[in-house]
Amino acid sequence: MSTAATTVPGDPDAGVRTPPVPFEPTENRAATGERSGWEQAERRARASQSFWTAVVGVPAIFSVLRLGVEAGGELQTTLLLVANVGPINLLAGFLTTAARLLATALVAVFALGAVLGASGGGAARPPLFARWVEVTPIWFVAASFLMALVTWPLLYLPLLVPAAFAAFQVRPERLHEQPVARVLVVAAVFGGYLFLLVPTLRDAWRQGEALAIVLLVVPPLLALFVAGPLPGVVVRPLATLTQLAVLVVLVWAALPVISTPVLPLTVTTVGDGSGASEDVRGHVVTTDDVNMVILQERGGVRYVPVDQVRGQVLCPSEEELPRHRLRIHDFHVEDSLLEGLGRRVRPVHRVDAACR
């Protein structure tokens, strides 16, 4: 059945046929919408599965690698460590040494993912970090920033400010509607922040610590410009580069974590009946009624009879020695809030001469 075109006298468009609009049954439109919703739900499920797999699997892989590195790559020594280092101790050791790296990874993912997600503009397939942010609960994001707050060194804590502004998409317009009042609020907050750091900045200037001054002053200013959206032209290449950069930085930062010992470093004084003594520097793996098993710092496992042990002291590693002489209100800049509070409860003891 054809439909004739109607012509109205005096109409300028007379004689021009309008092509009929293709008819789409209601069932097809409903099926298309249902299929689109199902594909979106499936994409979110895959992103959620990949994110939680990374969160749970990466620490487990790191723990196994740490045992192998600690054993010097020797199979028998690795098996000895596996048999005597329990999973709870291994997890505790990993959290105390790698919690900072894990928090850094999560903060970077959430900050970049939120900016890329706000800049997506309805893209059919958002970047990986944006999909992870989309499926992550807000409480987990907040917990990641809280973990970074208590584990990061004080010197790097200002970097959390722009990261938080990016992750939660806080723009300067949300501070106040009027531009003049907004500038006054920002100036008052930043001025109070600098007032608290005046003694530290003065000491850093005297000691020539330019990097410390930049890390303490610049990041809060960058927080005003990091929230999205970004221009659509740069989103896709920026997503690829930033995601690859985060992966490379994490691998580089993970190398010291993998090589960090899982057992405390001690110096054991061993003596025999003749009066001669020897200091054995290493990590105590286990102790029974017969022997003390020590993984020596320079390699190899040594079995020392318990009746020959004359003394033992706990020693710090080289990585624990401070490199800066700056303090922020009685807190050393290389200590985290957790470490600084711990040193107030238990002040740092004098290093024993046997450790040197």
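Read on for an overview of the structure. Since we're looking at a predicted model, the values are computed, not measured.

Our focus in this paragraph is the nonpolar core. By size, the foremost hydrophobic cluster in this structure holds 32 residues, and its most contacted members are V107, F110, F145, W152 and L160. At the level of elements, α3 (87–118), α4 (128–135), α5 (138–151), α6 (160–167), α8 (198–207) and α9 (210–222) are the ones that each hand at least two residues to this core. With seven residues, α3 is the largest single contributor of residues to this core. Counting eleven residues, the second largest nonpolar core, distinct from the first, contains L80, L90, V262 and L263.

This next bit is on the packing of helix α7 (residues 179–196) against α9. At a minimum axis distance of 11 Å, the contact between α7 and α9 shows a crossing angle of 165°. Classed by the angle they form, the pair α7 and α9 counts as roughly antiparallel. Crossing hand, α7 versus α9: right-handed. On the side of α7, the interface is formed by F190, Y193 and L194, while α9 contributes L216, V217, P220 and L221. Across the contact of α7 with α9, the residue classes break down as seven nonpolar, no polar and no charged.

Turning our attention to the pattern of salt bridges. Opposite charge on two side chains permits them to pair, given that their charged atoms come into close proximity. Considering all chains together, one arrives at three salt bridges under this definition. Linking R281 and E297 is a salt bridge whose minimum nitrogen-to-oxygen distance equals 2.6 Å. Residue R281 is located in strand β2 (residues 277–287), and its partner E297 is located in the loop between β3 (291–296) and β4 (301–305); the two are separated by 16 residues in the primary sequence. Looking at R281, the relative accessible area reads 26%, which means it is partly exposed.

Together, L244, L247, V248 and V251 make up an exposed nonpolar region whose accessible area comes to about 370 Å². As for its placement among the helices and strands, L244 is situated in helix α10 (residues 232–259).

The subject of this paragraph is the side chain of T242. Tracing the sequence through the fold places T242 in helix α10. Since its relative accessible area comes to 16%, T242 is described here as buried. In contact with T242, not counting residues within four places along its chain, are L112 and L116.

When we look at burial in α8, the residues that qualify are T200, L201 and A204. All buried residues of α8 fall inside an arc of 95° around its axis, so they share one side. For α8, the exposed residues lying more than 90 degrees away from the buried face are W205 and R206. The secondary structure elements touched by the buried residues of α8 are α7, α9 and β6 (327–328). Positive phi appears at G208, one or two residues downstream of α8, with a value of about 70°.

By the element assignment, T266 lies in strand β1 (residues 265–271). Using a relative accessible area of 8% as the deciding quantity, one classes T266 as buried. For T266, the contacting residues outside a window of four places in its chain are V280, R281, G282, V284, Q312, V313 and L314.

What follows is about the sheet that holds strand β5 (residues 309–314). Hydrogen bonds between backbone atoms are what pair the strands of a sheet, whose relative direction is either parallel or antiparallel. Read across the open sheet, the five strands follow the order β4-β3-β2-β1-β5; overall the sheet is antiparallel. Each having just a single partner strand, β4 and β5 make up the two edges of the open sheet. Strand after strand, the sheet turns through a mean of 45° between neighbouring axes, direction not considered. Taken together, the five bridges between β1 and β5 define a ladder with antiparallel strand orientation. By the bridge assignment for β5, T269 is matched with G311. Strands β2, β3 and β4 of the sheet are contacted by helix α2 (residues 75–84), whose axis makes an angle of about 60° with β2.

Rules of the game
Residues numbered from 1 in each chain as written. Predicted model: local features only at pLDDT ≥ 70, side-chain atom pairs only at ≥ 80, totals over all residues. Heavy atoms only, no water. Core = buried A, V, L, I, M, F, W, Y, C linked by side-chain atoms within 4.5 Å. Buried < 20%, exposed > 50% of the residue type's maximum accessible area, 1.4 Å probe, protein only. Helix = DSSP H or I, 4+ residues; strand = E, 2+ residues; numbered from the N terminus. Axes fitted to C-alpha atoms, helices over the stretch in contact; angles between N-to-C directions. Parallel < 35°, antiparallel > 145°, perpendicular 65-115°, else oblique. Left-handed = near helix turned anticlockwise from the far one by under 90°. Contact = heavy atoms within 4.5 Å. Nonpolar A, V, L, I, M, F, W, Y, C, P; charged D, E, K, R; others polar. Salt bridge = Lys/Arg side-chain N within 4 Å of Asp/Glu carboxyl O. Patch = residues over 30% accessible without salt bridge, like charges linked within 9 Å, V, L, I, M, F, W, Y side chains within 5 Å. Areas by Shrake-Rupley, 256 points an atom, 1.4 Å probe, with all protein chains shown as cover. Arc of directions from axis to C-beta. Pairing = 2+ DSSP bridges.

These figures come from the coordinates and say nothing about function on their own.
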